[in-house]
Amino acid sequence: MISLPYKKSLKEEGNPSLVSILSLLRLSNWDPDIFYKFRDNILSFVSSAGTRLHADLYNSTTKLWDNYFHLGNYDSGKDIAFELGRLCYGLSLFEDALNYYQISLELYGNHHITFHNSGLCHYSLSNYESAKENFGWALDMKPDYEKSKTWLQRAEKESKLDIELIPPTE
């Protein structure tokens, strides 16, 4: 277990580097709780991380998930599966993100943002019908969720373009 002072000092650093956070995760033997504490910091670095750090982040998702133990109602505030889905989405690993979002739905129940993020994954994979379905579920749960309204419109336009591009059969 990593000592509390080290975790505190890294968090108090303000915006620790991705390398520092990955080092802490390695030292902790991929503790999901530490990942959860630094999830937003990690996500802020994903777009600027190089190939090697992307590979390290991808490898960390499996290790973190393997070390996660769901505690039922006692764990309701820390949806590690959802956060790993966000990380995978940021790494453009859309299939992996969808798997984690599905686990999140199974463990923590339906949530409009989980459906919305699943819709984004499907959209990125050009699965426009599935994207529309997920954005629709998000809107069923929260009808005023503007992000899902916007993305649903985009998916509908892309879906129509796909239909128009299909050549007629003879």
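Our subject is the structure that appears above.
What counts, and where the lines are drawn
Residues numbered from 1 in each chain as written. Predicted model: local features only at pLDDT ≥ 70, side-chain atom pairs only at ≥ 80, totals over all residues. Heavy atoms only, no water. 1 Å grid on protein atoms, 1.4 Å probe; cavity = no way out; pocket = protein on both sides within 12 Å on 5 of 7 lines; lining within 4 Å. Points joined across faces, edges and corners; volume = space filled by probe spheres on them. Helix = DSSP H or I, 4+ residues; strand = E, 2+ residues; numbered from the N terminus. Nonpolar A, V, L, I, M, F, W, Y, C, P; charged D, E, K, R; others polar. Phe/Tyr/Trp six-rings, centres within 6.5 Å; stacked < 30°, edge-to-face > 60°. Buried < 20%, exposed > 50% of the residue type's maximum accessible area, 1.4 Å probe, protein only. Lys NZ or Arg CZ within 6 Å of the ring centre and 35° of its normal. Patch = residues over 30% accessible without salt bridge, like charges linked within 9 Å, V, L, I, M, F, W, Y side chains within 5 Å. Areas by Shrake-Rupley, 256 points an atom, 1.4 Å probe, with all protein chains shown as cover. Salt bridge = Lys/Arg side-chain N within 4 Å of Asp/Glu carboxyl O. Contact = heavy atoms within 4.5 Å.

Caption draft 1: Representation of the layout of surface pockets within the structure. Of the voids in this model, the largest pocket is the one considered here, and its volume is about 220 Å³. Contributing to the lining of the largest pocket are 14 residues, with D79, F82, E83, H111 and T114 lying nearest its centre. Mapped by element, the contributors of at least two residues to the lining of the largest pocket are helix 3 (32-46), helix 5 (80-90), helix 6 (94-108) and helix 7 (112-124). Top element by residues in the lining of the largest pocket is helix 5. It accounts for 3 residues. Residues belonging to the lining of the largest pocket are distributed by class as follows: 4 nonpolar, 6 polar and 4 charged.

Caption draft 2: Expanded view of the packing of aromatic side chains. One pass over the full model with this rule turns up 8 aromatic pairs. For the pair W65 and Y100, a centre-to-centre distance of 5.9 Å together with 70 degrees between the ring planes defines the contact as edge-to-face. Within this pair, whereas W65 is found in helix 4 (residues 51-66), its partner Y100 is found in helix 6, the two being separated by 35 residues in sequence. Here W65 falls in the partly exposed class, since its relative accessible area comes to 21%. By relative accessible area, which is 9% here, Y100 ends up buried. Ring geometry for Y123 against Y128: centres 5.3 Å apart, planes inclined by 70 degrees, an arrangement best described as edge-to-face. Among the aromatic side chains, those forming a connected cluster through ring pairs are Y123, Y128, F135 and W151. In this arrangement the basic side chain of R39 is found over the ring face of Y36, its NZ or CZ atom lying 3.9 Å from the centre.

Caption draft 3: Broad picture of a nonpolar patch on the surface. Where nonpolar side chains cluster on the molecular surface, the patch consists of F69, L71 and Y74 and spans about 450 Å² of accessible area. By relative accessible area, L71 is classed as partly exposed at 47%.

Caption draft 4: Region of the structure containing unusual backbone geometry. Residues other than glycine seldom take positive phi values, yet S92 does so here, at roughly 65 degrees. With respect to the helices and strands, S92 occurs in the loop between helix 5 and helix 6. Judged by its relative accessible area of 48%, S92 falls in the partly exposed class. Unusually for a residue other than glycine, S126 sits at a positive phi of about 65 degrees. Positionally, S126 belongs in the loop between helix 7 and helix 8 (128-141). For S126, a relative accessible area of 43% gives the class partly exposed.

Caption draft 5: Spatial organisation of the side chain of S148. Relative to the helices and strands, S148 is located in helix 9 (residues 146-165). Setting aside its immediate chain neighbours within four residues, S148 contacts H116, F135, A138 and L139.

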